[in-house]
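# Observations on chain architecture
What follows is each chain in one-letter form.
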Amino acid sequence: MDRVLGEVTRGRPGGDDIALLALRAEIPDPTRFHVRLPAVPSSLPMLRHTLRRWMEAAQTNDEDAYEILVACCEACSNVIEHAYGAADGDVEVRGHMTEHEVEMTVRDWGRWRPPRGMNRGRGLRLIEELMRHVTVTPRPDGTTVHMQRTRRQVTT
Amino acid sequence: MTVTAMVKVIERNGVPVAAPEGEIDLANVADCRAQLISVVPNTAPGLILDLSQTTYLDSRGVHLILELAERLRTSQQQMALVLPERSVIRRVLLLTQVDKTVPLCRTLDEALQQFRS
């Protein structure tokens, strides 16, 4: 670290603070996806970014990629809004991509409260339209949304 | 990583045209809503929402569009959407039947036609 700082400052003491950021460029496994994030709205852009990278590595066609992205983010938005109330909690997204199918799971460790208002079901309906096979399993220790569908022709 | 939807506003033939750039989701939909309602004066014939620079939109965005349309209808103003043919968000708007409530136009000129009646 001293060597890196030495290179940057060229031996001269700088007047400004220096932040050193270490990044690890992981090559995503194109068949598997897994992240666990705090269940807060600001996690959503990060989730989309990592999901997009994964689907790109898995050579997902653009339409599929967008639909899977929306379905997962809808499920996570539901967790963020309904699972924990004002308490802290996490949301976990797992994915499995085979040649013909994609399977995504979104889980939390909270308890969903019943939907409120007329528009609350719209997110889940959209997930069902986009993913074909959708199950929501509430358990005492959390809720799991499982989504599965076939993939369109792969773009090359 | 925070993403705020930047809403760019121009005016064509007296109609405000608002174009949110980037992604609309749970994280920024309230901010986006505040920007959009502030661009339609009571004297304007309505609002054109140009989604050609919007790269992500889910049910929160859909809810926002429908809410805006409802508010404008109440104040006897119109609303039209601009969405290029190949936009990735088209499918979400069709699945949620937004096109049944708000005219979905391919170009800004087409959207402006809606206001010439």
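Figured I'd write up the structure that's included with this text. (Residues numbered from 1 in each chain as written. Chains lettered and ligands numbered in written order. Predicted model: local features only at pLDDT ≥ 70, side-chain atom pairs only at ≥ 80, totals over all residues. Heavy atoms only, no water.)

We now examine the overall build of chain A. When helices and strands are tallied, chain A shows four helices and five strands. The N-to-C order of helical and strand elements in chain A reads α-β-α-α-β-β-α-β-β. The burial tally for chain A puts 40% of its 156 residues in the buried class. Of all intrachain contacts in chain A linking residues separated by at least 6 positions in sequence, the fraction that spans at least 24 positions is 69%. When the accessible area of chain A is evaluated, it comes to approximately 9700 Å², of which 51% is carbon and sulfur surface. (Helix = DSSP H or I, 4+ residues; strand = E, 2+ residues; numbered from the N terminus. Buried < 20%, exposed > 50% of the residue type's maximum accessible area, 1.4 Å probe, protein only. Contact = heavy atoms within 4.5 Å. Areas by Shrake-Rupley, 256 points an atom, 1.4 Å probe, with all protein chains shown as cover.)

Turning our attention to the side chain of Gln77 of chain B. Residue and element names in this part refer to chain B. Within the secondary structure, Gln77 is located in the loop between helix H2 (59–74) and strand S5 (78–82). Of the residues examined, Gln77 reaches a relative accessible area of 12% and is grouped as buried. At a separation of 2.8 Å, a polar atom in the side chain of Gln77 contacts the main-chain carbonyl oxygen of Ala44. Beyond its immediate stretch of four places on either side in the chain, Gln77 contacts Val40, Pro41, Asn42, Ala44, Pro45, Gly46 and Leu72. (Polar contact = N/O pair within 3.5 Å; in protein donor to acceptor, adjacent residues only side chain to side chain.)

It is worth spelling out the pattern of salt bridges at this point. What the rule picks out here adds up to 17 salt bridges over all chains. Of the charged contacts, one joins Glu23 of chain B and Arg48 of chain A as a salt bridge, the two residues approaching to 2.8 Å between their closest N and O atoms. Separated into two different chains, Glu23 of chain B in strand S2 (residues 15–24) and Arg48 of chain A in helix H2 (residues 43–57) make up a pair that spans both. The pair Glu23 of chain B / Arg48 of chain A is uniform in exposure class, with both members buried. Among the ionic pairs, Arg106 of chain B bridges to Glu85 of chain B, the shortest N-O distance being 2.2 Å. In this pair, Arg106 of chain B is assigned in the loop between strand S6 (104–105) and helix H4 (108–113) and Glu85 of chain B in the loop between S5 and helix H3 (90–95), connecting sequence segments 21 residues apart. (Salt bridge = Lys/Arg side-chain N within 4 Å of Asp/Glu carboxyl O.)

Residue and element names in this part refer to chain B. Among the secondary structure elements, Pro41 is positioned in the loop between helix H1 (29–37) and strand S3 (46–50). Sequence separation of Pro41 and Ile10 is 31 residues, and the distance between their C-alpha atoms is 13 Å. Excluding its chain neighbours within four sequence positions, the residues that come into contact with Pro41 are Pro16 and Gln77.

This next bit is on the packing of aromatic side chains. As enumerated under the stated definition, the model contains two aromatic pairs over all chains in all. The interplanar angle of 40° and the centroid separation of 5.2 Å between the aromatic rings of Phe33 of chain A and Trp54 of chain A together place this pair among those described as tilted. Of this pair, Phe33 of chain A sits in strand S1 (residues 32–38) while Trp54 of chain A sits in helix H2, and the two are 21 residues apart along the sequence. Residues Phe33 of chain A and Trp54 of chain A agree in their burial class; the two are buried. The aromatic ring of Tyr56 of chain B is capped on one face by Arg48 of chain A, whose charged end is 4.3 Å from the ring centroid. (Phe/Tyr/Trp six-rings, centres within 6.5 Å; stacked < 30°, edge-to-face > 60°. Lys NZ or Arg CZ within 6 Å of the ring centre and 35° of its normal.)

It is worth spelling out helix H3 (residues 62–82) of chain A at this point. Residues and elements named next belong to chain A. Taking 1.5 Å of rise per residue, the 21 residues of H3 would be expected to cover 30 Å, and the 30 Å separating its terminal C-alpha atoms lies within 8% of that figure. With 18 of 21 residues buried, H3 is to be regarded as a mostly interior element. Looking at where H3 begins, the residue whose side-chain oxygen comes 3.1 Å from the main-chain nitrogen of Glu63 is Asn61. (Expected span 1.5 Å × (residues − 1).)

Here the focus is the nonpolar core. With 69 residues, the main nonpolar core has Met104, Met131 and Met147 of chain A together with Leu57 and Ile65 of chain B as its most contacted residues. Examining the composition of this core, we find that 12 residues originate from one element, H3 of chain A, more than from any other. If you look at the next biggest cluster of nonpolar residues, it comprises 10 residues, including Ala80, Val82, Ala111 and Leu112 of chain B. (Core = buried A, V, L, I, M, F, W, Y, C linked by side-chain atoms within 4.5 Å.)

If you look at the interface, chain A gives 26 residues, while chain B gives 21 residues. Buried area between chain A and chain B, both sides added, is near 2000 Å², and the carbon and sulfur share of it is 59%. Of all residues in chain A, Arg48, Tyr66 and Arg122 of chain A bury the most surface against chain B, accounting for 31% of the area lost on that side. Summed over the shared surface of chain A and chain B, the result is six salt bridges. Residues Glu67 of chain A and Arg91 of chain B are paired through a salt bridge, measuring 2.5 Å at the closest nitrogen-oxygen approach. Counting every contact that joins chain A to chain B gives nine residue pairs in polar contact (both at pLDDT 80 or more). Sort the elements by how many residues they give to the side of chain A that touches chain B and H3 of chain A lands first, with 10 residues. (Buried area = accessible area lost by both parts, 1.4 Å probe.)

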